[in-house]
Amino acid sequence: QVQLVESGGGLVQPGESLRLSCAASGSAFSMNAGAWYRQAPGKEREWVARIGSSGSTVYADSVKGRFTTSRDDAKNTVYLQMNSLKPEDTAVYYCKLVDRYAGVYWGQGTQVTVSS
């Protein structure tokens, strides 16, 4: 059974950085693509970033140039490096991994709060 464990959230001041991790457990898991989403209070979940099987990345306009997603296939882990954080980045961040058999898995979410 595959489980995703997210980590790295927290409380930071505007302009600071955080790095989120999303690790998949389960010996049968073989990662294909990954994505990050976030959901702010009272708002719908929104897509943030995507990383493909080749490592290609795509970002939402709101985070482009500030956030970077990467992957470590040996660890079945994806990362989201968030720089120059703004109060409007405050949200619960979720990762989604898709394995090579099109199975879709979600992390439990991690809170990111940007406040002075």
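Here is what the cut-offs are and how they apply
Residues numbered from 1 in each chain as written. Predicted model: local features only at pLDDT ≥ 70, side-chain atom pairs only at ≥ 80, totals over all residues. Heavy atoms only, no water. Core = buried A, V, L, I, M, F, W, Y, C linked by side-chain atoms within 4.5 Å. Buried < 20%, exposed > 50% of the residue type's maximum accessible area, 1.4 Å probe, protein only. Helix = DSSP H or I, 4+ residues; strand = E, 2+ residues; numbered from the N terminus. Contact = heavy atoms within 4.5 Å. Salt bridge = Lys/Arg side-chain N within 4 Å of Asp/Glu carboxyl O. Polar contact = N/O pair within 3.5 Å; in protein donor to acceptor, adjacent residues only side chain to side chain. Pairing = 2+ DSSP bridges. Axes fitted to C-alpha atoms, helices over the stretch in contact; angles between N-to-C directions. Phe/Tyr/Trp six-rings, centres within 6.5 Å; stacked < 30°, edge-to-face > 60°. Lys NZ or Arg CZ within 6 Å of the ring centre and 35° of its normal.

Engineer: Any chance you could explain the nonpolar core here in plain terms?
Structural biologist: Soluble, globular proteins show a tendency: their nonpolar side chains are buried together. Ranked by internal contacts, the top residues of the largest apolar core, which has 27 residues, are W36, F67, L80, M82, Y93 and L97. Secondary structure elements with two or more residues in this core: β3 (18-25), β4 (31-39), β5 (46-51), β8 (77-82), β9 (91-99) and β11 (110-114). When neighbours within four sequence positions are excluded, Y93 is seen to be in contact with E6, L20, Y37, R38, F67, L80, M82, G109, T110 and V112.

Engineer: Explain unusual backbone geometry here, please?
Structural biologist: With the exception of glycine, the majority of residues adopt a negative phi angle, and the majority of peptide bonds are in the trans configuration. Positive phi, close to 50 degrees, is recorded for N76, a residue that is not glycine. The phi dihedral of A102 falls on the positive side, at around 70 degrees, and the residue is not glycine. You can call A102 exposed: its relative accessible area is 58%.

Engineer: What should I look at first to understand the pattern of salt bridges in this one?
Structural biologist: Pairing between side chains becomes possible if they bear opposite charge and their charged atoms approach one another. Using the criterion set out here, one finds 5 salt bridges in the structure. Ionic pairing is found between D89 and R66, a salt bridge with its closest N-O pair at 2.7 Å. Of this pair, D89 sits in the loop between β8 and β9 while R66 is found in the loop between β6 (57-59) and β7 (67-72), placing the two residues 23 residues apart along the sequence. With respect to burial, D89 and R66 carry one shared label: buried. A salt bridge links D73 to R71, with the shortest nitrogen-to-oxygen separation between them at 2.7 Å.

Engineer: When you look at the side chain of R71 in this model, what are you seeing that I'm missing?
Structural biologist: The topology assignment puts R71 in strand β7. Since its relative accessible area comes to 18%, R71 is described here as buried. Side chain to side chain, R71 and D73 meet in a polar contact 2.7 Å long. Not counting residues up to four positions away in its chain, the partners in contact with R71 are M31, N32, A33, I51, G52, S53, G55, T77 and V78.

Engineer: Would you mind showing me how to read the sheet that holds β3 here?
Structural biologist: Each strand in a sheet pairs with its neighbour through backbone hydrogen bonds, running either in the same direction (parallel) or in the opposite one (antiparallel). Within the open sheet, the 4 strands sit side by side as β1-β3-β8-β7. Their pairing is antiparallel. The open sheet has two edge strands with one neighbour each: β1 (3-7) and β7. Neighbour-to-neighbour, the strand axes of the sheet open up by a mean angle of 15 degrees, direction not taken into account. Summarising the sheet, β3 and β8 pair through 6 bridges and their orientation is antiparallel.

Engineer: Whenever I open this one, the packing of aromatic side chains confuses me. Can you help?
Structural biologist: Note on aromatic pairs: each is described by the distance of the centres and the angle between the planes. Per the counting criterion, the structure on display carries 2 aromatic pairs. Measuring from ring centre to ring centre gives 5.7 Å for F29 and Y105, while their planes differ by 75 degrees; the resulting arrangement is edge-to-face. Here F29 is found in the loop between β3 and β4, whereas its partner Y105 is found in strand β10 (residues 104-106), with 76 residues between them in sequence. Between Y37 and W106 the ring centres are 5.1 Å apart and the planes differ by 50 degrees, which places this aromatic pair in the tilted class. With Y37 in strand β4 and W106 in strand β10, this residue pair connects regions lying 69 residues apart in the sequence. Its relative accessible area of 17% is what places Y37 among the buried residues. Over the aromatic face of Y94 sits the side chain of R45, whose NZ or CZ is 3.8 Å from the ring centroid.

On their own, these measurements won't tell you what the molecule is for.
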